[in-house]
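A closer look at the structure
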Amino acid sequence: MGNWERLVWNQRNVLLDGFLVTLEICAIAFAVAVAAGLGLALLRLYVRPLRWPAIMWIEYCRATPIYVQLMWVNYVWPEILGWPTTFYTAGWVALALQSSGYLAETFRTGIENIGRGQREAAYAVGMSPLLTFRRIILPQVLVTIAPSIVTQFTVIVKSSTLVSVITVQDLMFQSQRLVNVWFEPIEILTATAAIYILFIFAVSAAGKALADRLRLRYGLGT
Amino acid sequence: MADPAGAPCVEVVDLHKRFGALEVLRGVSFAVDRGSVVSIIGASGSGKSTLLRCINYLEQPTSGEVRIDGEPIGIERRADGSERRRSMREIGRFRRDLGMVFQQFNLWPHLTVLGNVVEAPIRVRGLPRRQAMELARACLERVQLSEKSSEYPARLSGGQQQRVAIARALAMQPKVMLFDEATSSLDPELTGEVLEVMRGLAVDGTTMIVVTHEMGFAREVSDRVIFLHGGLIEEEGPPAQVFGTPRSERCRQFLAKLLH
Ligand SMILES: Nc1ncnc2c1ncn2[C@@H]1O[C@H](COP(=O)(O)OP(=O)(O)OP(=O)(O)O)[C@@H](O)[C@H]1O
Ligand SMILES: [Mg+2]
């Protein structure tokens, strides 16, 4: 028990700092990914000239391993675009990039699954296509894809452990640093795994509760 | 400029609609006076829904015109005689005046009953919230669903959902109500309550175009009946004539088949 106290409990502030960085970088990446995913889905569905570029971009995001994307954003983008300039930014950009590809497809199927009648009923009372999307389509899509969106957040959390590779000081980074200081991996890494597990379980449970409530309320979805 | 006093409420002029090689409407013309009820009957696939959907431009007619109070929906005719196709936005302005009730109700499941009815008055007509609420409540009263205001559509029976859909259309205070087989997807025991509401509207002087398979209703409520066949008006007249002494052989056959 002494080891746990010495290696984990006494280091709790370091681990907590790391966890907060993880939380922050995942939250930013998630918010950006949701917005970008919706944007990409809309381009793919409704903007003819940009349909193919959007499809290629989405497929690129989905097909590239997160590690490759991280390296690419961190080392290639600054050369070409002059941005991002910090490892931290490169970290959330890479995470957002990959998830935006998946979320774009989630949004697209969600939008396509809303029956034509929903749209027509809106047009029939004089609503414009934009108003129809905002007030009628999007809310229904969000309700039906809420579980997938939450799942995508857990994917981001898991992938985020890789940002430690480019020295972003997240939970994984701090945990490895402790291991390198004490040369005692068992307790520290086990505790780290436990933290991730608990966090992801909590997110999934909250997501499921939310989805159940929405479904109950509107009688939508399966 | 159109003269609303002289022109019929709705005028359909030589309407054609084709889907690829299939010509569904082949030159349909008729007019609906203010306060009158016109029923459209005909076999499945004869183009009834297409005709109704062309009237509010959910389908773009291939050629021909639809006029509301004398003004064409799809094209603007300028004083110098030139013509211009109207944008979606402008067509939306006309659609406010055309209430549509669909066979499948198409209520918005994420909004309450009241939310469904109040949405367009607020967002499209721009009414202040309180005024829109009052209007929506009055419309729900009219279809006798006031007590369901805060329910979500999924909890209502089909008949109740369709009555909400009628209230939603009424809340735009349209010049005309279009009904596309409003009772066809209902269980038989639920059609009565919807027909009752429609009958009430007709009695109140609502201008209505009703696509229906309910011949009893068409006969009793309509001022005029149109029998559509193969994309053309095959028979047209007062219900007593169309149902009693149809001139067209096809119309006679259609009605005879229904009686069996
Ligand atoms: N969007 C479309 N694309 C291609 N064909 C269509 C389309 N809409 C309708 N049609 C065809 O047009 C014809 C007329 O259809 P419509 O729905 O107007 O008939 P209807 O008289 O309303 O029939 P029902 O009584 O079954 O509702 C049918 O052959 C149908 O398959
Ligand atoms: Mg039809």
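Residues numbered from 1 in each chain as written. Chains lettered and ligands numbered in written order. Predicted model: local features only at pLDDT ≥ 70, side-chain atom pairs only at ≥ 80, totals over all residues. Heavy atoms only, no water.

Let us now look at the overall build of chain B. Of the regular secondary structure elements, chain B holds nine helices and twelve strands. Taken over the C-alpha trace, chain B has a radius of gyration of 18 Å; the compact-globule value for 260 residues is 18 Å, and the two agree within 12%. Projecting the C-alpha coordinates of chain B onto the three principal axes gives extents of approximately 55 × 50 × 35 Å. The burial tally for chain B puts 55% of its 260 residues in the buried class. Intrachain contacts of chain B at a sequence separation of at least 6 include 64% that bridge at least 24 residues. For chain B, the computed accessible surface area is about 11500 Å², with 48% contributed by carbon and sulfur atoms. Averaging the coordinates of the 34 positive side-chain charges in chain B and doing the same for the 33 negative ones gives two points 5 Å apart. (Helix = DSSP H or I, 4+ residues; strand = E, 2+ residues; numbered from the N terminus. Rg over C-alpha atoms; globule rule 2.2 N^0.38 Å. Buried < 20%, exposed > 50% of the residue type's maximum accessible area, 1.4 Å probe, protein only. Contact = heavy atoms within 4.5 Å. Areas by Shrake-Rupley, 256 points an atom, 1.4 Å probe, with all protein chains shown as cover. Lys, Arg positive; Asp, Glu negative; His and termini not counted. Charge placed at Lys NZ, Arg CZ, Asp CG, Glu CD.)

Residues and elements named next belong to chain B. In terms of domain boundaries, chain B breaks down into domain 1 (4–97 + 176–259) and domain 2 (109–173). Distance between the C-alpha centres of domain 1 and domain 2: 25 Å. Taken together, the contact pairs 13 residues of domain 1 with 13 residues of domain 2. The junction of domain 1 with domain 2 conceals about 1100 Å² of combined surface from both sides, 68% of it contributed by carbon and sulfur atoms. (Domains from an automatic or database assignment. Buried area = accessible area lost by both parts, 1.4 Å probe.)

Another aspect to go through is the confidence of the model for chain B. Counting all residues, the mean pLDDT for chain B is 94, and 98% of those residues have values of 70 or more. Per-residue pLDDT, averaged within each element of chain B, yields its smallest value for strand β6 (residues 75–77) of chain B (88) and its largest for strand β9 (residues 176–180) of chain B (98). (pLDDT = per-residue confidence, 0-100.)

Right, let's get into the sheet that holds strand β4 (residues 63–68) of chain B. Residues and elements named next belong to chain B. If you trace the four strands from one edge of the open sheet to the other, you get β2-β1-β4-β5, paired in antiparallel fashion. Edge positions in the sheet fall to β2 (22–32) and β5 (71–72), since each has one partner strand and no second. Note that β4 and β5 share two bridges and pair antiparallel. Along β5, the bridge assignment pairs isoleucine 68 with glutamate 71. (Pairing = 2+ DSSP bridges.)

The partner chain B presents 24 residues to the 23 residues of chain A that form the contact. The contact between chain A and chain B buries some 2100 Å² in all, and 60% of this surface belongs to carbon and sulfur atoms. Linking chain A to chain B there are two salt bridges. Note that Arg135(A) is salt-bridged to Glu119(B), the shortest N-O span being 2.7 Å. Here chain A is connected to chain B by eight residue pairs in polar contact (both at pLDDT 80 or more). Among the elements that line the side of chain A that touches chain B, the one with the most residues is helix α6 (residues 116–124) of chain A, at eight residues. Tallied by class, residues from the side of chain A that touches chain B come to 13 nonpolar, five polar and five charged. (Salt bridge = Lys/Arg side-chain N within 4 Å of Asp/Glu carboxyl O. Polar contact = N/O pair within 3.5 Å; in protein donor to acceptor, adjacent residues only side chain to side chain. Nonpolar A, V, L, I, M, F, W, Y, C, P; charged D, E, K, R; others polar.)

Here we take up the sheet that holds strand β11 (residues 224–229) of chain B. All names here are of chain B. One open sheet holds the six strands; their spatial order is β8-β9-β10-β3-β11-β12, and the pairing between them is mixed. Both edges of this open sheet fall to β8 (98–101) and β12 (232–237), since each of them pairs with a single strand only. Neighbour-to-neighbour, the strand axes of the sheet open up by a mean angle of 20°, direction not taken into account. Where β11 meets β12, five bridges bridge the pair, whose relative direction is antiparallel. Paired with valine 225 across the bridge in β12 is glycine 237. (Axes fitted to C-alpha atoms, helices over the stretch in contact; angles between N-to-C directions.)

Below, the discussion takes up the pattern of salt bridges. Taken as a whole and judged by the stated rule, the model has 32 salt bridges over all chains. Notably, a salt bridge pairs Glu105(A) with Arg108(A), separated by 3.0 Å at the nearest N-O pair. Taken together, the residues Glu105(A) and Arg108(A), both in helix α5 (residues 87–112) and three residues apart, mark about one turn of the helix. Summarising the burial analysis for this pair, Glu105(A) and Arg108(A) share the class buried. Where Arg108(A) meets Glu112(A), a salt bridge forms, and the shortest distance between an N and an O atom there is 3.3 Å. One end of the pair is Arg108(A) and the other is Glu112(A), both in helix α5 and four residues apart, which spans about a single turn. Residue class for Glu112(A) comes out partly exposed when judged on its relative accessible area of 44%. Each of Glu11(B), Glu65(B), Arg67(B), Arg77(B) and Glu83(B) takes part in salt bridges that share partners, so that together they form one network.

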